[in-house]
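Residue-level listing of the chains:
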Amino acid sequence: MTTTAPTTVPAQGAEEIQDAGHVDVLIVGAGVSGIGAAHHLRDQFPDRTLVILDAQDNRGGTWWTHRYPGVRSDSDLFTYGYRFKPWRGPSIAAGGEILAYLDEVIDEDDLGHHIRYRHRVTAASWSTEDRRWTVEVTRGDTGQRLRFTTGFLWMCQGYYNHAKPYRPQWEDMDRFQGVVVHPQRWPEDLDLAGKRVVVIGSGATAATLIPAIAGKAEHVTMLQRSPSYYFAPPTTNELAVTLRGLDTPEEWTHEILRRQYIAQYDWLARTSLDTPDELHAFLIESMRPLLPEGIDIDKHFTPRYRPWQQRIAIIPDGDLFAALREGKASIVTDTIEAFTEHGIKVSSGEEIPADIVVTATGFNLSVFGDIAFTVDGEPVDFTGRVTWRGIMISGLPNMVYTFGYFRYSWTLRVDLVSDLVGRLLAQLQDKGATMVVPALRPEDADMKLRPWSDPENFNAGYVMRSQHILYKQGDREPWTHMHEHEQEREILPKVDLDDGTLVYR
């Protein structure tokens, strides 16, 4: 008999593990992926019990932990928003607006009482004999240890290591007499007034942060080792304004704009592979009229990689470029030689004065939340496992995961994966099975294994730094992942769940 995990559990000693109950489906993560998964699960299987566990003290994942000035989406909200929930705001939105949108989904689907905050999952153990996962949790507020059991585990924890951002160490950092901060650990009381700020980095975080603080600081310098690609769309989509002015139902507006943006992403994805020089020229020329007159575009704005081999940073209304034109911000392209007492010395010999240094250097990846997994008592080494369509892992029964797109909006894949997981749960029910596990077929035994991300496809620094800890992909379907939405929206709804790569028991 299935029982719902209790909402509260009496405090116990730190060493005692208390039973927290059994649920049909346990979701790890209450961010965009977990909330989306829970919606689809409630919609397709309203009678199944579920619990959502999150280590943070509130919902939203990245949108809760990232609180640096100006934090916003770098994807349009018509595709970053869910398929089932119309987005009613501007196409590019601030972090607070996205949290409010997620709050509406939680309220409308009555998900609040299913979520357990400050519940960090530390271990997950599968028992074939019992046909269930046992999940161990430590509460962040009390130190209490809990044990949940579930028939089906859905990992939606994202890929950031929220506790340990990427922080390179440079020569003589200890000599610096100013303040060094990472955007992922932004101090609420940081005073920027009259301060000289150096932001190290050129990605989406730096491009978002600099225009947000340029009006407060004395001056902001973006110090980059190499340039990134930028695109400066308007914050507000004119078609959305027109449709709303005609009192078009929000559901229609959402779907029309969603299709428009998807078509744009499709063009970008195809062009980046088929004619990258054409896309390069398009991006450079779209920036040129927005940049300060006389700036060295080849040095500061011409990347060394193919367009979309890393993410294109979105600059809504060109606000970063405006800060450069107005002289509130400047850009230096060079490598760091050492920190000094009052700034940073770069390889050219120039010293950039600074009172505050922001290391917008990215983040570290986390493999399934760094949870210790075991299957029938054997520890799981993910580096020896293979993905099944970017949704399951070979040899791990009754476990699925949601990982979004790098080039398209993350959430487009949340909806697609949730549809496929729903089909999989229905398949289990129809077969009278209690277990499903991806397994290599005899013809896959000598399959060549490839890295989690092919550098020729996507080579962002945070991905390349983490290849050694990640699972692999094969050289054939269904043991591949990181396809584009243009392909997956056709492939995933038609996946044959009886092709021999999934074993049911």
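Structure: see above.
Right, let's walk through the structure included here. For clarity, every value in this text was computed on a predicted model and none was experimentally measured. (Residues numbered from 1 in each chain as written. Predicted model: local features only at pLDDT ≥ 70, side-chain atom pairs only at ≥ 80, totals over all residues. Heavy atoms only, no water.)

1. Examining the layout of surface pockets
(1) Moving on: Each pocket or cavity is described by its volume, and for the second largest pocket that value is around 460 Å³.
(2) Moving on: Together, 24 residues line the second largest pocket, and Phe231, Pro233, Gln264, Tyr265 and Ile314 are the ones closest to its centre.
(3) Moving on: Sorting elements by how many residues they give to the lining of the second largest pocket places helix H7 (residues 250-274) first, with five residues.
(4) Moving on: Across the lining of the second largest pocket, the residue classes break down as 14 nonpolar, five polar and five charged. (1 Å grid on protein atoms, 1.4 Å probe; cavity = no way out; pocket = protein on both sides within 12 Å on 5 of 7 lines; lining within 4 Å. Points joined across faces, edges and corners; volume = space filled by probe spheres on them. Helix = DSSP H or I, 4+ residues; strand = E, 2+ residues; numbered from the N terminus. Nonpolar A, V, L, I, M, F, W, Y, C, P; charged D, E, K, R; others polar.)

2. Structural notes on the nonpolar core
(1) Moving on: Ranked by size, the top nonpolar core spans 146 residues in total, and within it Trp133, Leu153, Val199, Tyr230, Phe368 and Phe373 carry the most contacts.
(2) Moving on: Apart from residues no more than four positions distant in its own chain, Phe368 is found in contact with Met155, Gln157, Phe373, Phe382, Ile393, Met399, Tyr401 and Tyr471. (Core = buried A, V, L, I, M, F, W, Y, C linked by side-chain atoms within 4.5 Å. Buried < 20%, exposed > 50% of the residue type's maximum accessible area, 1.4 Å probe, protein only. Contact = heavy atoms within 4.5 Å.)

3. Quick notes on the pattern of salt bridges
Where charged atoms from two side chains of opposite charge approach closely, those side chains can pair.
(1) Moving on: Here the structure, examined in full by the defined rule, presents 27 salt bridges.
(2) Moving on: Taking the shortest distance from any N to any O, the salt bridge between Lys85 and Glu108 comes out at 2.6 Å. Taken as a pair, Lys85 in the loop between helix H3 (77-80) and helix H4 (95-108) and Glu108 in helix H4 lie far apart in primary sequence, 23 residues in all.
(3) Moving on: A residue is classified by how much of its surface remains accessible, and Glu108, at 53% relative accessible area, is exposed.
(4) Moving on: Taking the shortest distance from any N to any O, the salt bridge between Lys345 and Glu337 comes out at 3.5 Å.
(5) Moving on: Overlapping salt bridges, with partners in common, bring together Arg441, Glu443, Asp444, Asp475 and Arg476 in one network. (Salt bridge = Lys/Arg side-chain N within 4 Å of Asp/Glu carboxyl O.)

4. Regarding the sheet that holds strand E16 (residues 356-359)
(1) Moving on: Pairing in this open sheet of five strands is parallel, and the strands run E7-E16-E8-E9-E12 from one edge to the other. Sheet topology places strand E7 (179-181) and strand E12 (329-333) at the edges, where each strand pairs with a single neighbour. The average angle at which neighbouring strand axes cross in this sheet is 20 degrees, direction not considered.
(2) Moving on: Where strand E9 (residues 219-224) meets E12, five bridges bridge the pair, whose relative direction is parallel. Counted as the bridge partner of Val220 is Ala329 from E12.
(3) Moving on: Each of strand E8 (196-200), E9, E12 and E16 is contacted by helix H5 (residues 204-213), which is oriented at about 170 degrees to E8, the strand it contacts most. (Pairing = 2+ DSSP bridges. Axes fitted to C-alpha atoms, helices over the stretch in contact; angles between N-to-C directions.)

5. Examining the environment of Ile115
(1) Moving on: With respect to the element layout, Ile115 can be found in strand E3 (residues 115-116).
(2) Moving on: Among the residues examined, Ile115 registers a relative accessible area of 8% and is labelled buried.
(3) Moving on: Setting aside chain neighbours within four positions, we find Ile115 in contact with Ala30, Ile52 and Ile106.

6. Considerations on the sheet that holds strand E15 (residues 351-353)
The strands making up a sheet are joined through hydrogen bonds of the backbone, oriented either antiparallel or parallel.
(1) Moving on: In space, the three strands of this open sheet follow the order E13-E14-E15, with antiparallel pairing throughout. Single-partner strands in this sheet number two, and they are strand E13 (336-340) and E15. Adjacent strand axes in the sheet meet at a mean angle of 25 degrees, parallel and antiparallel pairs treated alike.
(2) Moving on: Here E13 pairs with strand E14 (residues 343-346) via four bridges, running antiparallel. Opposite Ala338, over in E14, you have Lys345 as the bridge partner.

7. Brief notes about a negative patch on the surface
(1) Moving on: Taken together, Glu129, Asp130, Asp376 and Glu378 make up a surface patch of like negative charges.
(2) Moving on: Within the secondary structure layout, Asp376 lies in the loop between strand E17 (372-375) and strand E18 (378-379). (Patch = residues over 30% accessible without salt bridge, like charges linked within 9 Å, V, L, I, M, F, W, Y side chains within 5 Å. Areas by Shrake-Rupley, 256 points an atom, 1.4 Å probe, with all protein chains shown as cover. Lys, Arg positive; Asp, Glu negative; His and termini not counted. Charge placed at Lys NZ, Arg CZ, Asp CG, Glu CD.)

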